[in-house]
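Residue-level listing of the chains:
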Amino acid sequence: MTTHAPRAAQGAQSVTLPVTLDEAVAALAAVPAAVPVAGGTDLMSSVNAGQLRPAALVGLGRINEIRGWQYQDGHALLGAGLTHARMGRPDFAALIPALAAAARAAGSPQIRNAGTLGGNIASAAPAGDSLPVLAALDAVLIIAGPGGTRREILVSHLLAGMEMLAPGELIGYVRVPLLHAPQVFLKATGRTGPGRATASVALVLDPARRGVRCAVGAIAPMPLRPLEAEQWVAGLIDWDGERGLVPEALTAFGEYVAAACVPDHPPAEDGTAQPLPPAVLHLRRTVAALARRALGRALS
C-alpha cells in the first residue's frame, strides 16, 4: 500500500495512513470524497488510465488487525487485508482449500503479493477469482462503520447489489465456515499461464448438511449459483459411503450447471428454437467441463 500511495497521490489532496480499522473509518468519515486503498491493484489501474482522480486516499496497509485470520465457532474470520500470496500458502490451504486455489490463480506474482481479499470483494470485478469461492461458501462480511459499529451482510448480497456499503463503511473481515471437506476451484483463461478468467467454478462439499455448493464466476456480473443442480446431485451421493459417482452422473451435472448459467435463447415468435452463437456455445461447454471436473475431483 505504501508503495502505491505516492503514485496515487499525484492528483490527491491528502493521504492518511491509519493503524486501526476504526481509525480508517473515521478518516473516511472526515473526508467523504476519500478512497480507501489496500493493495491498489485495481485502483492504480484506474488512476493510470485517467479514469479516477481521488481527492484523498486512506491507506489500509498498516492495519495489522485485518492482515491475518482467527477461529470463531467453527468458522474462519479472515481479515480483509489478507493478500492472495498469503492465502495461497499451505497453512491457509489446509483450512479453505478452494480459496487458497483461487488465490494462487489470481494473476502474476506481483498481483498476488499486493492484491487483498477485501479489495477483490469491494472491486466486485466479474472475473475476481475469490468471488465464486466465497459465494459457494455462503461467506459473510463484517462491515466496520462509524463509532465502532459492526454489521454483517452476505457476500452474495453485496455482489448482487441487494445490500451496499454505506458512506464511511469498510469491509473489515470475511467469515467463512470451516467445512473440513473437499473443495475445488477451477478456471479457464483466454491464454496459457496466469490470466483473467473467462469462466471459473468453485465447488465445495458440505457433508454435515449432505449438500453440494457450486458457484460459477466470470460469465456474469456476479457469481451464479445453480441451486437446482446442487440439490439434484446431492441426492445422488452416498454420503455414508464412498461418495463416488459414475462418469455419466458427473457429465450430467456439468451440463445441468452449464444450462442453468448459460441458458438457451427463448424461442422465436413462430416457436422455432434459436441456436446459441458459437462463442456462447463454447462458453457453455467450458462451464460444463469445469463443473464436471470440479465435482469429480471433490468426490475422488
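Only a predicted model underlies this, so the values are computations on that prediction, with no experimental measurement involved. The numbering scheme is per chain: residues are counted from 1 as the chain's sequence reads. Local features are withheld for residues below a pLDDT of 70 in this predicted model, meaning they are given only at 70 or higher, and side-chain atom pairs are given and counted only at 80 or more; totals for whole chains, interfaces and linings count all residues. Side-chain metrics in this entry use all non-hydrogen atoms of the structure; hydrogen atoms and water are not considered.

Brief notes about the overall build of the chain
Scanning the chain from terminus to terminus reveals 13 helices and eleven strands. For the C-alpha atoms alone, the extent of the chain along its principal axes is close to 60 × 50 × 35 Å. Only protein chains enter the accessibility calculation, which uses a 1.4 Å probe; a residue is then buried when its area is under 20% of its type maximum, exposed when over 50%, and partly exposed in between. Looking at the 300 residues of the chain, the share that counts as buried comes to 48%. In this description, contact between two residues means that some pair of their heavy atoms is separated by no more than 4.5 Å. Contacts spanning at least 24 positions in sequence make up 60% of the contacts within the chain whose residues lie at least 6 apart. Surface summary for the chain: the accessible area is close to 14200 Å², and the carbon and sulfur share equals 54%. For the purpose of charge, His is not counted, nor are the chain termini; Lys and Arg are scored as positive and Asp and Glu as negative. By convention, charge coordinates are those of NZ in Lys, CZ in Arg, CG in Asp, or CD in Glu. Seen as two clouds, the 24 positive and the 22 negative side-chain charges of the chain have centres 10 Å apart. Here a strand is any run of E in DSSP of at least two residues, a helix any run of H or I of at least four, and the numbering for each starts at the N terminus. Accessibility throughout is a Shrake-Rupley quantity obtained with a 1.4 Å probe, and a residue counts as covered only by protein chains that appear here.

Describing a nonpolar patch on the surface
Residues form patches when they are more than 30% accessible in relative terms and have no salt bridge. Like charges link within 9 Å. Nonpolar side chains (Val, Leu, Ile, Met, Phe, Trp, Tyr) link within 5 Å. Definition used for salt bridges: Asp or Glu carboxyl oxygen within 4 Å of a side-chain nitrogen of Lys or Arg. Judged by side-chain polarity, Trp232, Leu236 and Tyr256 come together as a nonpolar surface patch covering roughly 250 Å² of accessible area. Locating leucine 236 in the fold gives a position in the loop between α11 (227–234) and α12 (247–261). Judged by its relative accessible area of 41%, leucine 236 is partly exposed.

Quick look at the nonpolar core
Soluble globular proteins tend to pack their nonpolar side chains together in the buried interior. Only buried residues count toward a nonpolar core, which is a set of Ala, Val, Leu, Ile, Met, Phe, Trp, Tyr and Cys residues joined through side-chain atoms within 4.5 Å. Membership of the largest hydrophobic core comes to 40 residues, with the highest contact counts inside it found for Leu78, Ile96, Ile121, Leu134, Leu141 and Val174. It is helix α6 (residues 97–104) that provides the largest number of residues to this core, a total of six residues. Dropping the residues within four chain positions of it, leucine 78 is found in contact with Gly68, Trp69, Phe92, Ile96, Leu99, Leu117, Gly172, Tyr173, Val174 and Val176. If you look at the next biggest cluster of nonpolar residues, it comprises 32 residues, including Leu186, Ala258, Leu290 and Ala298.

Concerning α11
Within α11 the residues assigned to the buried category are Ala229, Glu230, Val233 and Ala234. The arc that holds every buried residue of α11, seen down its axis, measures 125°, which confines them to one face. Set apart from the buried face of α11 by more than 90 degrees, the exposed residues are Glu228 and Gln231. The arc in question is the one traced by the directions running from the helix axis out to the C-beta atoms.

A short note on the packing of α11 against α12
Contact geometry for α11 and α12: axes closest at 9 Å, N-to-C directions at 165°. One finds that α11 runs roughly antiparallel with respect to α12. α12 is crossed by α11, and the crossing has right-handed handedness. Of α12, the residues touching α11 (which contributes Glu228, Ala229, Glu230, Trp232 and Val233) are Ala249, Ala252, Phe253, Tyr256 and Val257. Nonpolar residues are Ala, Val, Leu, Ile, Met, Phe, Trp, Tyr, Cys and Pro. Charged residues are Asp, Glu, Lys and Arg, and all others, Gly as well, are polar. Residues that form the contact of α11 with α12 fall into these classes: eight nonpolar, no polar and two charged. Only the stretch in contact is used when a helix axis is fitted, and all axes are lines through C-alpha atoms; the angle between N-to-C directions ranges over 0 to 180 degrees. In this scheme, roughly parallel covers angles under 35 degrees and roughly antiparallel covers those over 145, while 65 to 115 is roughly perpendicular and the rest are oblique. Should the near helix be turned anticlockwise from the far one by less than a right angle, the crossing is left-handed, and should it be turned clockwise, the crossing is right-handed.

Here we look at the sheet that holds strand β6 (residues 140–144)
Overall, antiparallel pairing links the five strands, which are arranged β4-β5-β8-β6-β7 in an open sheet. Each of the sheet's edge strands pairs with one partner strand only, and the pair in question is β4 (69–72) and β7 (150–154). Between one strand axis and the next, the sheet turns by 25° as a mean value, whatever way the strands run. Two strands qualify as a pair provided that DSSP identifies no fewer than 2 bridges between them. Pairing of β4 with strand β5 (residues 75–79), which is carried by four bridges, proceeds in the antiparallel orientation. If you follow tyrosine 71 over to β5, its bridge partner there is alanine 76. Across the sheet, helix α2 (residues 21–30) touches β6, β7 and β8 (170–177), and the angle it forms with β8 is around 135°.

A short note on the confidence of the model for the chain
A score between 0 and 100, pLDDT records how confident the predictor is in each residue. Here the chain averages 91 in pLDDT, and 94% of its residues register 70 or above. Below pLDDT 50 for its whole length, residues 1–12 participates in 25 contacts with residues either more than four positions away or in separate chains.

Structural notes on the pairing of β8
Regular strands show a simple pattern: their side chains alternate between the two faces of the sheet. Where burial is concerned, most of β8 is hidden: eight out of the eight residues are buried. As paired strands, β5 and β8 are joined by five bridges and run antiparallel to one another. Directly across from leucine 78, in β8, lies its bridge partner valine 174. Bridge analysis of β6 against β8 gives five bridges, and the strand direction is antiparallel. Counterpart to isoleucine 143 in the pairing with β8 is isoleucine 171.

Here we look at the pattern of salt bridges
Tallied over the entire structure, the rule returns twelve salt bridges. In this structure, arginine 225 and aspartate 138 form a salt bridge, with 3.1 Å as the shortest nitrogen-oxygen distance. Placement of the pair is arginine 225 in the loop between β11 (211–217) and α11 and aspartate 138 in the loop between α9 (130–136) and β6, with a sequence separation of 87 residues. Among the residues examined, arginine 225 registers a relative accessible area of 26% and is labelled partly exposed. Arginine 151 is the partner of glutamate 169 in a salt bridge, and the nearest nitrogen-oxygen pair spans 2.9 Å. Separated by 18 residues along the polypeptide, glutamate 169 in the loop between α10 (155–160) and β8 and arginine 151 in strand β7 bring together distant segments of the chain. You can call glutamate 169 buried: its relative accessible area is 13%. Judged by its relative accessible area of 28%, arginine 151 falls in the partly exposed class. Overlapping salt bridges bring together Asp138, Asp206, Arg209, Arg213, Arg225 and Glu230 as one network.

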